[in-house]
Amino acid sequence: MLTTRPRGTNDLLPAELVKWHYVENILHQVASLYGYQEIRTPIFEHTELFQRGVGESTDIVEKEMYTFIDRGERSLTLRPEATASTVRAFLEHKLYAGPLPVKLYYIGPMFRYDRPQAGRYRQFHQFGVEAFGAQDPSLDAEVIAMAMDIYQRLGLKNLVVELNSVGCPKCRQAHRQVLQEYLKEKLSKLCPTCQGRFARNPLRILDCKSEHCREVVAEAPTIDQMLCADCRSHFQLVQEYLQELQVAYTLNPRLVRGLDYYTKTAFEIVAQGIGAQSSIGGGGRYDHLIEECGGPSLPGIGYAMGIERIILTLEEQGIELPTEIKTHVFIAALGEKAQKKGAKLAQDLRQVGLVVERDYFGKSLKAQLKAANRLQAQTTVILGEEELAKEQAVVRKMEEGLQEVVPLGELVSYLVKGKKEEK
Ligand code: AMP
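Before going into details, it helps to say that this report is about the structure given with it. Bear in mind the structure is a predicted one, so any value in this text is a computation, not a measurement.

## Some remarks on the sheet that holds strand β2 (residues 44-46)
Then, number 1: Read from one edge of the open sheet, three strands run β2-β4-β3, paired in antiparallel fashion. Only two strands of the sheet have a single partner each, and these edge strands are β2 and β3 (66-69). Pairs of neighbouring strands in the sheet enclose a mean axial angle of 35 degrees, with direction left out of account.
Then, number 2: Judged from the three bridges that link them, β2 and strand β4 (residues 75-78) form a sheet pairing that is antiparallel. Within β4, the position partnered with Glu 45 by the bridge is Thr 77.

So, in C-alpha coordinates, the structure goes:
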(Lines give C-alpha, C1' and ligand atoms only; values in the text may rest on other atoms or scores of the structure.)
Protein backbone atom coordinates (compact mmCIF):
# COMPACT_ATOMS: atom_id res chain seq x y z
CA MET A 1 0.00 0.00 0.00
CA LEU A 2 2.64 2.48 1.03
CA THR A 3 4.45 2.22 -2.27
CA THR A 4 1.44 1.97 -4.57
CA ARG A 5 -0.65 4.88 -5.81
CA PRO A 6 -4.45 4.74 -5.61
CA ARG A 7 -6.16 2.94 -8.52
CA GLY A 8 -6.96 5.20 -11.44
CA THR A 9 -4.37 7.85 -10.57
CA ASN A 10 -1.03 8.59 -12.25
CA ASP A 11 2.36 9.86 -11.24
CA LEU A 12 3.69 12.24 -13.83
CA LEU A 13 7.44 11.64 -13.88
CA PRO A 14 9.87 14.20 -15.32
CA ALA A 15 10.17 12.61 -18.77
CA GLU A 16 6.38 12.61 -19.13
CA LEU A 17 6.05 16.16 -17.86
CA VAL A 18 8.19 17.51 -20.71
CA LYS A 19 5.24 16.63 -22.96
CA TRP A 20 2.71 18.08 -20.55
CA HIS A 21 4.54 21.40 -20.41
CA TYR A 22 4.65 21.53 -24.19
CA VAL A 23 0.90 20.88 -24.46
CA GLU A 24 0.05 23.28 -21.62
CA ASN A 25 2.08 26.07 -23.23
CA ILE A 26 0.03 25.75 -26.40
CA LEU A 27 -3.20 25.72 -24.37
CA HIS A 28 -2.29 28.95 -22.56
CA GLN A 29 -1.19 30.59 -25.81
CA VAL A 30 -4.28 29.68 -27.81
CA ALA A 31 -6.62 30.60 -24.95
CA SER A 32 -5.25 34.11 -24.92
CA LEU A 33 -5.40 34.39 -28.73
CA TYR A 34 -9.16 33.84 -28.45
CA GLY A 35 -9.57 36.25 -25.54
CA TYR A 36 -9.98 33.79 -22.65
CA GLN A 37 -8.51 34.52 -19.22
CA GLU A 38 -7.43 31.88 -16.74
CA ILE A 39 -9.41 31.08 -13.62
CA ARG A 40 -8.41 28.73 -10.78
CA THR A 41 -11.16 27.44 -8.53
CA PRO A 42 -10.91 25.02 -5.55
CA ILE A 43 -10.43 21.30 -6.12
CA PHE A 44 -13.48 20.66 -3.91
CA GLU A 45 -16.84 22.39 -3.75
CA HIS A 46 -20.11 21.94 -1.89
CA THR A 47 -21.66 18.70 -3.13
CA GLU A 48 -24.88 20.52 -3.90
CA LEU A 49 -23.18 22.57 -6.61
CA PHE A 50 -22.56 19.47 -8.72
CA GLN A 51 -25.93 17.90 -7.91
CA ARG A 52 -27.57 21.05 -9.21
CA GLY A 53 -25.03 22.02 -11.86
CA VAL A 54 -24.16 18.67 -13.44
CA GLY A 55 -27.60 17.06 -12.93
CA GLU A 56 -28.99 14.54 -10.43
CA SER A 57 -29.66 11.88 -13.05
CA THR A 58 -26.23 11.90 -14.69
CA ASP A 59 -23.74 9.06 -14.29
CA ILE A 60 -21.32 11.54 -12.77
CA VAL A 61 -23.60 12.53 -9.90
CA GLU A 62 -25.19 9.12 -9.46
CA LYS A 63 -22.08 7.03 -9.24
CA GLU A 64 -18.84 8.81 -9.95
CA MET A 65 -18.37 11.54 -7.38
CA TYR A 66 -15.76 11.55 -4.64
CA THR A 67 -17.94 12.92 -1.86
CA PHE A 68 -16.89 13.21 1.76
CA ILE A 69 -18.05 14.80 4.97
CA ASP A 70 -15.44 17.14 6.44
CA ARG A 71 -14.74 17.67 10.13
CA GLY A 72 -17.33 20.44 10.18
CA GLU A 73 -19.99 17.99 8.95
CA ARG A 74 -20.25 19.59 5.51
CA SER A 75 -20.72 17.48 2.41
CA LEU A 76 -17.95 18.30 -0.05
CA THR A 77 -17.04 16.78 -3.41
CA LEU A 78 -13.81 16.65 -5.40
CA ARG A 79 -14.77 18.37 -8.64
CA PRO A 80 -15.74 15.91 -11.38
CA GLU A 81 -15.67 18.75 -13.97
CA ALA A 82 -15.13 22.48 -13.83
CA THR A 83 -18.06 24.16 -15.57
CA ALA A 84 -20.18 24.22 -12.40
CA SER A 85 -17.24 25.60 -10.38
CA THR A 86 -16.57 28.27 -13.00
CA VAL A 87 -20.23 29.30 -12.98
CA ARG A 88 -20.16 29.41 -9.17
CA ALA A 89 -17.10 31.67 -9.18
CA PHE A 90 -18.63 33.87 -11.91
CA LEU A 91 -21.68 34.36 -9.69
CA GLU A 92 -19.83 34.68 -6.38
CA HIS A 93 -17.60 37.45 -7.73
CA LYS A 94 -20.40 39.06 -9.74
CA LEU A 95 -18.32 38.96 -12.90
CA TYR A 96 -21.59 39.39 -14.82
CA ALA A 97 -21.61 43.03 -13.72
CA GLY A 98 -18.74 43.74 -16.16
CA PRO A 99 -18.74 43.61 -19.96
CA LEU A 100 -20.12 40.43 -21.54
CA PRO A 101 -19.27 37.86 -22.63
CA VAL A 102 -16.97 36.84 -19.80
CA LYS A 103 -14.50 34.35 -21.28
CA LEU A 104 -12.65 32.09 -18.86
CA TYR A 105 -10.43 29.03 -19.14
CA TYR A 106 -9.03 26.51 -16.68
CA ILE A 107 -6.51 23.67 -16.55
CA GLY A 108 -6.47 21.23 -13.67
CA PRO A 109 -7.29 17.86 -12.15
CA MET A 110 -10.81 16.42 -12.11
CA PHE A 111 -12.00 13.39 -10.16
CA ARG A 112 -14.46 10.69 -11.20
CA TYR A 113 -14.96 7.23 -9.75
CA ASP A 114 -14.74 5.70 -13.22
CA ARG A 115 -13.62 2.21 -14.26
CA PRO A 116 -9.92 2.78 -14.93
CA GLN A 117 -8.46 1.73 -18.29
CA ALA A 118 -6.15 3.27 -20.88
CA GLY A 119 -7.33 6.87 -21.30
CA ARG A 120 -9.84 6.68 -18.43
CA TYR A 121 -8.68 7.55 -14.95
CA ARG A 122 -10.09 8.54 -11.59
CA GLN A 123 -7.90 11.61 -11.41
CA PHE A 124 -7.43 13.17 -14.84
CA HIS A 125 -6.81 16.65 -16.17
CA GLN A 126 -8.93 18.90 -18.29
CA PHE A 127 -8.37 22.11 -20.14
CA GLY A 128 -11.65 23.90 -20.69
CA VAL A 129 -13.16 27.23 -21.69
CA GLU A 130 -16.43 28.88 -20.75
CA ALA A 131 -17.98 31.96 -22.36
CA PHE A 132 -20.81 33.46 -20.34
CA GLY A 133 -23.41 35.95 -21.55
CA ALA A 134 -23.62 35.59 -25.36
CA GLN A 135 -26.25 33.74 -27.41
CA ASP A 136 -24.75 34.29 -30.82
CA PRO A 137 -24.40 31.07 -32.85
CA SER A 138 -21.12 32.38 -34.24
CA LEU A 139 -19.69 31.94 -30.75
CA ASP A 140 -20.67 28.25 -30.78
CA ALA A 141 -18.81 27.85 -34.06
CA GLU A 142 -15.81 29.82 -32.79
CA VAL A 143 -15.54 27.65 -29.69
CA ILE A 144 -15.48 24.50 -31.84
CA ALA A 145 -12.96 26.11 -34.22
CA MET A 146 -10.78 27.00 -31.23
CA ALA A 147 -10.74 23.40 -30.00
CA MET A 148 -9.74 22.24 -33.49
CA ASP A 149 -7.11 24.97 -33.69
CA ILE A 150 -5.49 23.57 -30.53
CA TYR A 151 -5.46 20.01 -31.85
CA GLN A 152 -4.07 21.16 -35.18
CA ARG A 153 -1.27 23.14 -33.56
CA LEU A 154 -0.38 19.99 -31.64
CA GLY A 155 -0.22 18.10 -34.92
CA LEU A 156 -3.12 15.72 -34.21
CA LYS A 157 -4.70 14.06 -37.23
CA ASN A 158 -7.82 12.05 -38.10
CA LEU A 159 -10.16 14.03 -35.88
CA VAL A 160 -13.88 14.23 -36.38
CA VAL A 161 -16.16 16.90 -34.97
CA GLU A 162 -19.52 15.32 -34.16
CA LEU A 163 -22.23 17.91 -33.93
CA ASN A 164 -25.79 17.93 -32.72
CA SER A 165 -28.41 20.21 -31.27
CA VAL A 166 -30.03 18.82 -28.12
CA GLY A 167 -32.67 21.53 -28.28
CA CYS A 168 -34.11 23.56 -25.44
CA PRO A 169 -36.24 22.24 -22.53
CA LYS A 170 -39.31 22.78 -24.71
CA CYS A 171 -38.27 20.63 -27.66
CA ARG A 172 -36.46 18.19 -25.43
CA GLN A 173 -39.65 17.50 -23.48
CA ALA A 174 -41.47 16.72 -26.71
CA HIS A 175 -38.64 14.45 -27.84
CA ARG A 176 -38.56 12.71 -24.49
CA GLN A 177 -42.20 11.80 -24.76
CA VAL A 178 -41.96 10.46 -28.29
CA LEU A 179 -38.86 8.51 -27.35
CA GLN A 180 -40.43 6.96 -24.25
CA GLU A 181 -43.43 6.02 -26.31
CA TYR A 182 -41.13 4.32 -28.85
CA LEU A 183 -39.00 2.53 -26.24
CA LYS A 184 -41.88 1.39 -24.01
CA GLU A 185 -42.39 -1.84 -25.92
CA LYS A 186 -38.67 -2.56 -26.23
CA LEU A 187 -37.67 -2.02 -22.61
CA SER A 188 -36.71 -5.64 -21.92
CA LYS A 189 -34.18 -5.58 -24.78
CA LEU A 190 -32.20 -2.69 -23.22
CA CYS A 191 -29.21 -3.13 -20.91
CA PRO A 192 -29.92 -2.75 -17.15
CA THR A 193 -28.39 0.75 -17.11
CA CYS A 194 -30.67 1.90 -19.92
CA GLN A 195 -33.70 0.31 -18.27
CA GLY A 196 -32.89 2.55 -15.31
CA ARG A 197 -32.49 5.53 -17.66
CA PHE A 198 -35.87 5.00 -19.27
CA ALA A 199 -37.85 6.97 -16.71
CA ARG A 200 -35.15 9.39 -15.50
CA ASN A 201 -33.17 10.28 -18.58
CA PRO A 202 -34.31 8.39 -21.71
CA LEU A 203 -32.23 10.61 -24.03
CA ARG A 204 -29.05 8.98 -22.71
CA ILE A 205 -30.24 5.64 -24.09
CA LEU A 206 -29.54 7.06 -27.53
CA ASP A 207 -25.80 7.11 -26.98
CA CYS A 208 -25.41 3.91 -25.00
CA LYS A 209 -22.35 1.97 -26.16
CA SER A 210 -23.91 -1.52 -25.73
CA GLU A 211 -24.53 -3.34 -29.04
CA HIS A 212 -28.04 -4.43 -28.01
CA CYS A 213 -29.11 -0.93 -27.07
CA ARG A 214 -27.67 0.42 -30.31
CA GLU A 215 -29.80 -2.00 -32.29
CA VAL A 216 -32.90 -1.08 -30.31
CA VAL A 217 -32.45 2.66 -30.85
CA ALA A 218 -31.29 2.40 -34.48
CA GLU A 219 -34.71 3.52 -35.70
CA ALA A 220 -35.70 5.58 -32.65
CA PRO A 221 -36.86 9.16 -33.19
CA THR A 222 -33.98 11.61 -32.81
CA ILE A 223 -34.08 15.20 -31.63
CA ASP A 224 -33.38 16.72 -35.06
CA GLN A 225 -36.95 15.92 -36.04
CA MET A 226 -38.34 17.71 -32.98
CA LEU A 227 -36.39 20.99 -32.77
CA CYS A 228 -38.46 24.13 -32.27
CA ALA A 229 -38.10 27.03 -34.73
CA ASP A 230 -35.64 28.93 -32.53
CA CYS A 231 -33.38 25.90 -31.91
CA ARG A 232 -33.55 24.95 -35.57
CA SER A 233 -32.44 28.35 -36.82
CA HIS A 234 -29.67 28.56 -34.19
CA PHE A 235 -28.39 25.15 -35.30
CA GLN A 236 -28.54 26.17 -38.93
CA LEU A 237 -26.45 29.28 -38.24
CA VAL A 238 -23.88 27.35 -36.17
CA GLN A 239 -23.36 25.13 -39.22
CA GLU A 240 -23.12 28.08 -41.60
CA TYR A 241 -20.46 29.67 -39.40
CA LEU A 242 -18.55 26.39 -39.17
CA GLN A 243 -18.53 26.23 -42.96
CA GLU A 244 -17.33 29.83 -43.07
CA LEU A 245 -14.51 28.97 -40.65
CA GLN A 246 -13.73 25.85 -42.71
CA VAL A 247 -14.26 23.47 -39.84
CA ALA A 248 -15.46 20.09 -41.11
CA TYR A 249 -18.10 18.36 -39.00
CA THR A 250 -20.40 15.36 -39.03
CA LEU A 251 -23.97 15.58 -37.81
CA ASN A 252 -24.75 12.99 -35.15
CA PRO A 253 -28.38 13.27 -34.03
CA ARG A 254 -27.70 10.66 -31.35
CA LEU A 255 -25.03 12.70 -29.59
CA VAL A 256 -26.32 13.50 -26.12
CA ARG A 257 -23.26 13.81 -23.85
CA GLY A 258 -23.16 12.89 -20.23
CA LEU A 259 -24.06 16.18 -18.60
CA ASP A 260 -27.61 17.39 -18.17
CA TYR A 261 -27.07 21.07 -18.62
CA TYR A 262 -26.60 21.25 -22.38
CA THR A 263 -29.07 23.13 -24.58
CA LYS A 264 -28.92 23.58 -28.35
CA THR A 265 -25.35 22.97 -29.57
CA ALA A 266 -23.58 19.82 -28.33
CA PHE A 267 -20.36 18.53 -29.84
CA GLU A 268 -17.68 15.99 -29.32
CA ILE A 269 -14.29 15.64 -30.92
CA VAL A 270 -13.25 12.09 -31.62
CA ALA A 271 -9.80 10.83 -32.58
CA GLN A 272 -10.12 7.94 -34.98
CA GLY A 273 -8.04 4.83 -34.48
CA ILE A 274 -6.95 5.34 -30.88
CA GLY A 275 -9.13 2.70 -29.25
CA ALA A 276 -12.15 2.84 -26.99
CA GLN A 277 -11.47 6.12 -25.20
CA SER A 278 -11.51 8.15 -28.38
CA SER A 279 -13.30 11.28 -27.22
CA ILE A 280 -10.60 13.88 -26.80
CA GLY A 281 -12.90 16.77 -26.05
CA GLY A 282 -16.45 17.93 -26.03
CA GLY A 283 -18.79 20.62 -24.97
CA GLY A 284 -21.82 22.63 -25.82
CA ARG A 285 -24.19 25.42 -24.96
CA TYR A 286 -25.92 25.67 -21.58
CA ASP A 287 -28.39 28.51 -21.63
CA HIS A 288 -30.08 27.76 -18.29
CA LEU A 289 -27.20 26.59 -16.12
CA ILE A 290 -26.27 30.01 -14.74
CA GLU A 291 -29.85 30.65 -13.68
CA GLU A 292 -30.16 27.11 -12.34
CA CYS A 293 -27.15 27.82 -10.11
CA GLY A 294 -28.89 30.88 -8.66
CA GLY A 295 -27.62 33.57 -11.02
CA PRO A 296 -29.17 35.90 -13.60
CA SER A 297 -30.66 34.47 -16.76
CA LEU A 298 -27.55 34.40 -18.93
CA PRO A 299 -26.55 31.93 -21.63
CA GLY A 300 -23.23 30.12 -21.75
CA ILE A 301 -21.12 27.82 -23.88
CA GLY A 302 -17.94 25.87 -23.27
CA TYR A 303 -15.93 22.73 -23.80
CA ALA A 304 -13.37 20.60 -22.04
CA MET A 305 -10.59 18.42 -23.36
CA GLY A 306 -8.78 15.65 -21.52
CA ILE A 307 -5.04 16.27 -21.39
CA GLU A 308 -4.13 12.60 -20.77
CA ARG A 309 -6.10 11.67 -23.90
CA ILE A 310 -4.37 14.37 -25.95
CA ILE A 311 -0.97 13.04 -24.89
CA LEU A 312 -2.04 9.47 -25.58
CA THR A 313 -3.23 10.46 -29.05
CA LEU A 314 0.02 12.32 -29.76
CA GLU A 315 1.89 9.14 -28.86
CA GLU A 316 -0.37 6.82 -30.81
CA GLN A 317 -0.12 9.02 -33.88
CA GLY A 318 3.66 9.04 -33.50
CA ILE A 319 3.89 12.82 -33.34
CA GLU A 320 7.32 13.92 -32.17
CA LEU A 321 7.38 16.89 -29.87
CA PRO A 322 10.34 19.26 -29.99
CA THR A 323 12.72 18.35 -27.20
CA GLU A 324 14.55 21.14 -25.46
CA ILE A 325 18.25 20.88 -24.82
CA LYS A 326 18.24 19.75 -21.21
CA THR A 327 21.83 20.58 -20.36
CA HIS A 328 23.72 23.31 -22.16
CA VAL A 329 26.98 22.94 -20.27
CA PHE A 330 28.54 20.23 -18.14
CA ILE A 331 31.48 21.33 -16.02
CA ALA A 332 34.07 18.63 -15.52
CA ALA A 333 36.42 19.90 -12.85
CA LEU A 334 39.46 17.98 -11.55
CA GLY A 335 40.95 18.70 -8.14
CA GLU A 336 39.81 20.92 -5.31
CA LYS A 337 40.88 24.24 -6.79
CA ALA A 338 39.20 23.49 -10.09
CA GLN A 339 36.06 22.32 -8.29
CA LYS A 340 35.73 25.73 -6.66
CA LYS A 341 36.31 27.53 -9.94
CA GLY A 342 33.78 25.17 -11.57
CA ALA A 343 31.13 25.84 -8.90
CA LYS A 344 31.46 29.59 -9.48
CA LEU A 345 31.47 29.21 -13.26
CA ALA A 346 28.24 27.18 -13.02
CA GLN A 347 26.57 30.00 -11.09
CA ASP A 348 27.76 32.66 -13.57
CA LEU A 349 26.44 30.65 -16.53
CA ARG A 350 23.05 30.03 -14.89
CA GLN A 351 22.76 33.77 -14.26
CA VAL A 352 22.91 34.35 -18.01
CA GLY A 353 20.35 31.63 -18.77
CA LEU A 354 22.32 28.45 -19.44
CA VAL A 355 21.33 25.09 -18.00
CA VAL A 356 24.42 23.82 -16.20
CA GLU A 357 25.27 20.53 -14.54
CA ARG A 358 28.45 19.47 -12.77
CA ASP A 359 29.95 16.59 -10.85
CA TYR A 360 29.37 16.31 -7.10
CA PHE A 361 31.36 13.15 -6.46
CA GLY A 362 34.98 14.05 -7.33
CA LYS A 363 34.93 11.52 -10.18
CA SER A 364 37.70 10.89 -12.74
CA LEU A 365 37.68 12.85 -16.02
CA LYS A 366 36.50 9.76 -17.89
CA ALA A 367 33.58 9.26 -15.50
CA GLN A 368 32.65 12.93 -15.70
CA LEU A 369 32.62 12.86 -19.50
CA LYS A 370 30.39 9.81 -19.32
CA ALA A 371 28.02 11.74 -17.05
CA ALA A 372 28.02 14.64 -19.54
CA ASN A 373 27.11 12.24 -22.33
CA ARG A 374 24.34 10.69 -20.30
CA LEU A 375 22.87 14.16 -19.70
CA GLN A 376 23.23 14.88 -23.43
CA ALA A 377 25.13 18.03 -22.56
CA GLN A 378 25.72 20.25 -25.54
CA THR A 379 29.14 21.35 -24.33
CA THR A 380 31.54 20.19 -21.63
CA VAL A 381 34.02 22.55 -19.98
CA ILE A 382 37.08 20.73 -18.69
CA LEU A 383 38.87 22.46 -15.84
CA GLY A 384 42.09 20.75 -14.74
CA GLU A 385 45.01 21.95 -12.60
CA GLU A 386 47.12 22.52 -15.72
CA GLU A 387 44.48 24.57 -17.52
CA LEU A 388 43.80 26.62 -14.41
CA ALA A 389 47.47 27.49 -14.07
CA LYS A 390 47.28 28.95 -17.60
CA GLU A 391 43.93 30.68 -16.90
CA GLN A 392 42.33 28.52 -19.57
CA ALA A 393 39.71 25.83 -19.99
CA VAL A 394 39.13 23.12 -22.57
CA VAL A 395 35.70 23.34 -24.19
CA ARG A 396 34.41 20.20 -25.87
CA LYS A 397 31.43 20.28 -28.23
CA MET A 398 29.98 16.89 -27.47
CA GLU A 399 28.05 16.13 -30.63
CA GLU A 400 30.72 17.33 -33.06
CA GLY A 401 33.57 15.90 -30.96
CA LEU A 402 35.50 19.19 -31.41
CA GLN A 403 37.70 20.65 -28.72
CA GLU A 404 38.99 24.19 -28.19
CA VAL A 405 41.05 26.03 -25.59
CA VAL A 406 39.34 29.17 -24.30
CA PRO A 407 40.75 31.79 -21.88
CA LEU A 408 38.80 31.75 -18.58
CA GLY A 409 37.90 35.44 -18.97
CA GLU A 410 36.09 34.76 -22.27
CA LEU A 411 34.42 31.53 -21.22
CA VAL A 412 30.97 32.91 -20.33
CA SER A 413 30.49 34.90 -23.53
CA TYR A 414 31.92 32.02 -25.60
CA LEU A 415 29.41 29.56 -24.11
CA VAL A 416 26.45 31.96 -24.39
CA LYS A 417 27.19 32.42 -28.09
CA GLY A 418 27.24 28.67 -28.70
CA LYS A 419 24.00 27.92 -26.87
CA LYS A 420 21.42 25.95 -28.86
CA GLU A 421 17.76 25.91 -27.83
CA GLU A 422 16.21 23.01 -29.62
CA LYS A 423 17.13 19.85 -31.44
P1 AMP B 1 -16.71 15.51 -20.16
O2 AMP B 1 -16.41 16.45 -19.03
O3 AMP B 1 -17.25 14.18 -19.69
O4 AMP B 1 -17.49 16.14 -21.26
O5 AMP B 1 -15.31 15.12 -20.80
C6 AMP B 1 -14.52 15.99 -21.57
C7 AMP B 1 -13.23 15.31 -21.93
O8 AMP B 1 -12.51 14.98 -20.73
C9 AMP B 1 -13.41 13.99 -22.63
O10 AMP B 1 -13.52 14.20 -24.00
C11 AMP B 1 -12.12 13.28 -22.30
O12 AMP B 1 -11.10 13.72 -23.17
C13 AMP B 1 -11.80 13.77 -20.91
N14 AMP B 1 -12.23 12.79 -19.87
C15 AMP B 1 -13.46 12.62 -19.34
N16 AMP B 1 -13.46 11.67 -18.41
C17 AMP B 1 -12.20 11.19 -18.32
C18 AMP B 1 -11.53 10.20 -17.53
N19 AMP B 1 -12.18 9.50 -16.60
N20 AMP B 1 -10.22 10.02 -17.72
C21 AMP B 1 -9.53 10.72 -18.64
N22 AMP B 1 -10.09 11.68 -19.41
C23 AMP B 1 -11.40 11.92 -19.26
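## Side note on the side chain of Thr 86
Then, number 1: Within the secondary structure, Thr 86 is located in helix α4 (residues 83-92).
Then, number 2: The class for Thr 86 is buried, based on a relative accessible area of 1%.
Then, number 3: A polar contact of 2.6 Å, which involves the side chain of Thr 86, links it to the backbone oxygen of Ala 82.
Then, number 4: Each residue touching Thr 86, except ones within four places of it in the same chain, is listed here: Ile 39, Leu 104, Tyr 106, Glu 130 and Phe 132.

## Looking at the nonpolar core
Then, number 1: By size, the foremost hydrophobic cluster in this structure holds 51 residues, and its most contacted members are Tyr 36, Phe 127, Tyr 151, Leu 156, Ile 269, Tyr 303 and Met 305.
Then, number 2: Those elements that place two or more of their residues in this core are α1 (14-33), β6 (123-132), α5 (137-154), β7 (159-165), α9 (229-244), β9 (263-271), β11 (300-306) and α11 (307-316).
Then, number 3: Leaving out residues up to four positions away in the same chain, Tyr 36 has contacts with Ala 31, Lys 103, Leu 104, Tyr 105, Val 129, Glu 130, Ala 131, Leu 139, Val 143 and Met 146.
Then, number 4: Formed by 30 residues, the second largest nonpolar core is a distinct cluster that contains Ile 39, Leu 49, Ala 89 and Tyr 286.

Analysis parameters
- Position numbers for residues count from 1 along each chain, tracking the sequence in the order it is written.
- Only residues with pLDDT of at least 70 get local features here, since the model is predicted, and only at 80 or more are side-chain atom pairs given and counted; chain-wide, interface and lining totals rely on the full set of residues.
- The basis for every side-chain value is the complete set of non-hydrogen atoms in the structure, without hydrogens or water.
- At least two DSSP bridges between two strands are needed for those strands to be called paired.
- Starting at the N terminus, helices and strands are each numbered in turn, a helix being any DSSP run of H or I of at least four residues and a strand any DSSP run of E of at least two.
- To obtain an axis, a line is fitted to C-alpha atoms, over the contacting stretch when the element is a helix, and the angle between two such axes runs from 0 to 180 degrees between their N-to-C directions.
- Summary of the burial criterion: residues with accessible area below 20% of their type's maximum are buried, those above 50% are exposed, and those between are partly exposed, where the area comes from a 1.4 Å probe applied to protein chains only.
- Identification of polar contacts relies on pairs of N or O atoms within 3.5 Å, with a donor-acceptor requirement for protein atoms, meaning one able to donate a hydrogen and the other able to accept it, and with residues adjacent in sequence counted only if both atoms are side-chain atoms.
- Between two residues, a contact is recorded if the distance between any of their heavy atoms is within 4.5 Å.
- Each nonpolar core is a collection of buried residues, namely Ala, Val, Leu, Ile, Met, Phe, Trp, Tyr and Cys, held together in the definition by side-chain atoms within 4.5 Å.

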